[in-house]
Structures are given as structure tokens and as C-alpha cells.
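Observations on the model geometry
If you want the building blocks of each chain, they are given just below.
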Amino acid sequence: GENVEQHPSTLSVQEGDSAVIKCTYSDSASNYFPWYKQELGKRPQLIIDIRSNVGEKKDQRIAVTLNKTAKHFSLHITETQPEDSAVYFCAASIEGAQKLVFGQGTRLTINP
Amino acid sequence: SAVISQKPSRDICQRGTSLTIQCQVDSQVTMMFWYRQQPGQSLTLIATANQGSEATYESGFVIDKFPISRPNLTFSTLTVSNMSPEDSSIYLCSVGEGGKQFFGPGTRLTVL
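Residues numbered from 1 in each chain as written. Chains lettered and ligands numbered in written order. Predicted model: local features only at pLDDT ≥ 70, side-chain atom pairs only at ≥ 80, totals over all residues. Heavy atoms only, no water.

1. Regarding the overall build of chain B
Keep this limit in mind: Here a helix means four or more residues in a row that DSSP labels H or I, a strand means two or more in a row labelled E, and each is numbered from the N terminus. Whether a residue is buried, partly exposed or exposed follows from its accessible area with a 1.4 Å probe, protein chains only, as a fraction of its type maximum: under 20%, in between, or over 50%, in that order. Residues are treated as being in contact if the distance between any of their heavy atoms lies within 4.5 Å. Shrake-Rupley sampling with a 1.4 Å probe provides the accessible areas, and residues are treated as covered by the protein chains on show and by no other component. Here Asp and Glu are counted as negative and Lys and Arg as positive; His is not counted, and neither are the chain ends. Every charge is mapped onto a representative atom, which is NZ of Lys, CZ of Arg, CG of Asp or CD of Glu.
Summing up its helical and strand segments, chain B has 0 helices and 11 strands in all. Going residue by residue from the N terminus, the α and β elements of chain B occur as β-β-β-β-β-β-β-β-β-β-β. For chain B, the spread of C-alpha atoms along the three principal axes comes to 40 × 25 × 20 Å. In chain B, which comprises 112 residues, the share counted as buried stands at 50%. For chain B, restricting intrachain contacts to residue pairs at least 6 apart in sequence, the fraction spanning at least 24 positions comes to 53%. Carbon and sulfur atoms provide 49% of the accessible area of chain B, an area that totals close to 5,200 Å². Taken as two groups, the 8 positive and 8 negative side-chain charges of chain B have centres that lie 7 Å from each other.

Here it is, written out as C-alpha cells:
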């Protein structure tokens, strides 16, 4: 079955700098790649997603890139702010937005 | 997106007992899922809750331990049976809507 590896497990950046989180997946049939942000004690919140027919997607300070050949995708956050501090999870699915397989998570800390 | 609620929000249970978690959505949805998030860990799909038929379980999860009901398109329950301390986790329901997946607030279960 699908396996998703996420790196780094922790990331600390200065406020205003950029943060990049990377994920690799094993099943070349995967076609949907969402990213979730989970604040302490809260539910995972969908922040951006990308499908296999698109190489890049951007939403304000957040962007996701997908390299199908290398089977990896990345989350880019620019101009980081303290409220970006959270755990971020990538996921992959071979059935659209169903049966998501999650990465291990990245704890992002924004230092003022 | 759909509004998803779960009951209870948290519970403390004795080993050997069972707990039923409810998930309610404010609109009809085709796809509902149940995930487990162990302390400090990522999310793992338990099963897909199918309306009108038996749930589809992922590897490592069985119906006897995690029976699921889905009586209609707005409601599902997950029962954690014969609990042990290893079942202490957050249990989350999610729904598929508009090609995306959204999570409920979760149920924090502690088994003593």
C-alpha cells in the first residue's frame, strides 16, 4: 500500500522567513495530495491541496509543488507569522479525497 | 463546508469497557471516515463508513474491535470495544465533500 514519508519532523524559523516541508510517496497511482494544519488540541484543518494533473498551486502565502516523476511534493510558506506555528501533515491518496495516508507530521515553530 | 460535530468530546474509561463515539454532519455526505491519532502521532485511517452496508476496514483494524454504523447520510458511530490503555487516542471522523476531506473536532479517549 501507499507509504508517505515527511521531513523534517521539526522546523524552527524566524518570523518573516520561509518554511519548506517535504513529503515523498511510494505509490505512483496516487493522485491527490492535501496538506493539513493542526494546532494544539484542535482538529486537522485543510490548508491547501493539489491533484496529479497540476505541478504547482498557490494560495496567498502558501504554495504546494508536486513532482510526479520523483514522487515528492512540498509545502512552502512565505513571510511566516507566529500564527503559522502548528503541526503540518501531508497526505496522499490513490482514490481522490478518500482513504488518505498521512505523513508523520512536522512541528513548525515560528520564532518572533 | 459541512459542519461536523462529535460526541463525546472526551472521556475517561476503564479497561474492558466499550465506548461509542457519534459523528453528526449538518448536510448529507456520501463519504465518511474514521481515523485514530495516537498521542503525538499522525493520523491513521481505521475504516470507511458506508451507508447501508458494512464498513470497509483498513489493515490492522477489525470489526469486532471497532464496529461502525452508518444508518444515514448525516450520521455515523464508532465503537471502541473491550478497551485497553493502548486504545488511548484521539478518534476523528471526517467527511468527503467537494473532492476534499474535512475533519470533525475529535474525541479524546483515555483508558485507565
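Past the structure itself, the notes keep going.
2. Some thoughts on the pairing of strand 4 (residues 32-38) of chain A
Residue and element names in this part refer to chain A. Short version of the rule: The pairing criterion for strands is at least two bridges between them, as found by DSSP.
Of all 7 residues in strand 4, 7 are buried, a share of seventy percent or more. Here strand 4 shows two buried faces, one formed by Tyr 32, Pro 34, Tyr 36 and Gln 38 and the other by Phe 33, Trp 35 and Lys 37. In the sheet, strand 4 pairs with strand 5 (residues 45-51) via 6 bridges, with the strands oriented antiparallel. Residue Lys 37 lies in a different strand from strand 5, and its bridge partner there is Gln 45. The hairpin formed by strand 4 and strand 5 contains 6 residues between the paired strands, and Gly 41 there has a positive phi angle of roughly 75°. For strand 4 and strand 9 (residues 86-92), the ladder comprises 4 bridges, and the chain directions are antiparallel. Bridge pairing links Lys 37 to Tyr 88 in strand 9.

3. Topic: the interface of chain A and chain B
Put simply, the test is: As used here, buried area is the combined drop in accessible area, with a 1.4 Å probe, of two parts when they are placed together. By convention in these notes, a salt bridge is any Lys or Arg side-chain nitrogen within 4 Å of a carboxyl oxygen on Asp or Glu.
Contacts between the two partners involve 17 residues from chain A and, on the opposite side, 19 residues from chain B. Regarding the contact of chain A and chain B, the summed buried area is about 1,500 Å², with carbon and sulfur atoms giving 53% of it. When residues of chain A are sorted by the area they lose upon contact with chain B, A:Arg43, A:Lys99 and A:Phe102 head the list and together hold 35% of the total. The interface formed by chain A and chain B includes 2 salt bridges. A:Lys99 is the partner of B:Glu58 in a salt bridge, and the nearest nitrogen-oxygen pair spans 3.3 Å.

4. Let's talk about the sheet that holds strand 7 (residues 62-67) of chain A
Residue and element names in this part refer to chain A. Spelled out, the test is: Helix axes are fitted to C-alpha atoms over the stretch in contact, other axes to C-alpha atoms as well, and angles between N-to-C directions run from 0 to 180 degrees.
Pairing is antiparallel in the open sheet, where 5 strands are placed in the order 1-3-8-7-6. Looking at the sheet topology across the chains shown, the edges are occupied by strand 1 (4-7) and strand 6 (56-59). Each adjacent strand pair in this sheet contributes to an overall mean axis angle of 15°, direction not counted.

5. Quick notes on the nonpolar core
All names here are of chain B. Selection rule: Residues belong to one nonpolar core when they are buried, are Ala, Val, Leu, Ile, Met, Phe, Trp, Tyr or Cys, and are joined through side-chain atoms within 4.5 Å.
Grouped together as the largest cluster of nonpolar side chains are 26 residues, with contacts concentrated most on Trp 34, Ile 46, Phe 66, Ile 68, Leu 78, Tyr 91 and Leu 109. Those elements that provide at least two residues to this core are strand 3 (19-25), strand 4 (31-37), strand 5 (43-49), strand 8 (75-80), strand 9 (89-97) and strand 11 (107-111). Tyr 91 has contacts with Gln 6, Ile 21, Tyr 35, Arg 36, Ile 46, Phe 66, Leu 78, Val 80, Gly 106, Thr 107 and Leu 109, leaving out every residue within four places of it along the chain.

6. Section: the environment of B:Thr20
With respect to the helices and strands, B:Thr20 occurs in strand 3. In the structure, B:Thr20 is positioned 29 residues away from B:Ala49 in sequence and 14 Å away in space, judged by C-alpha atoms.

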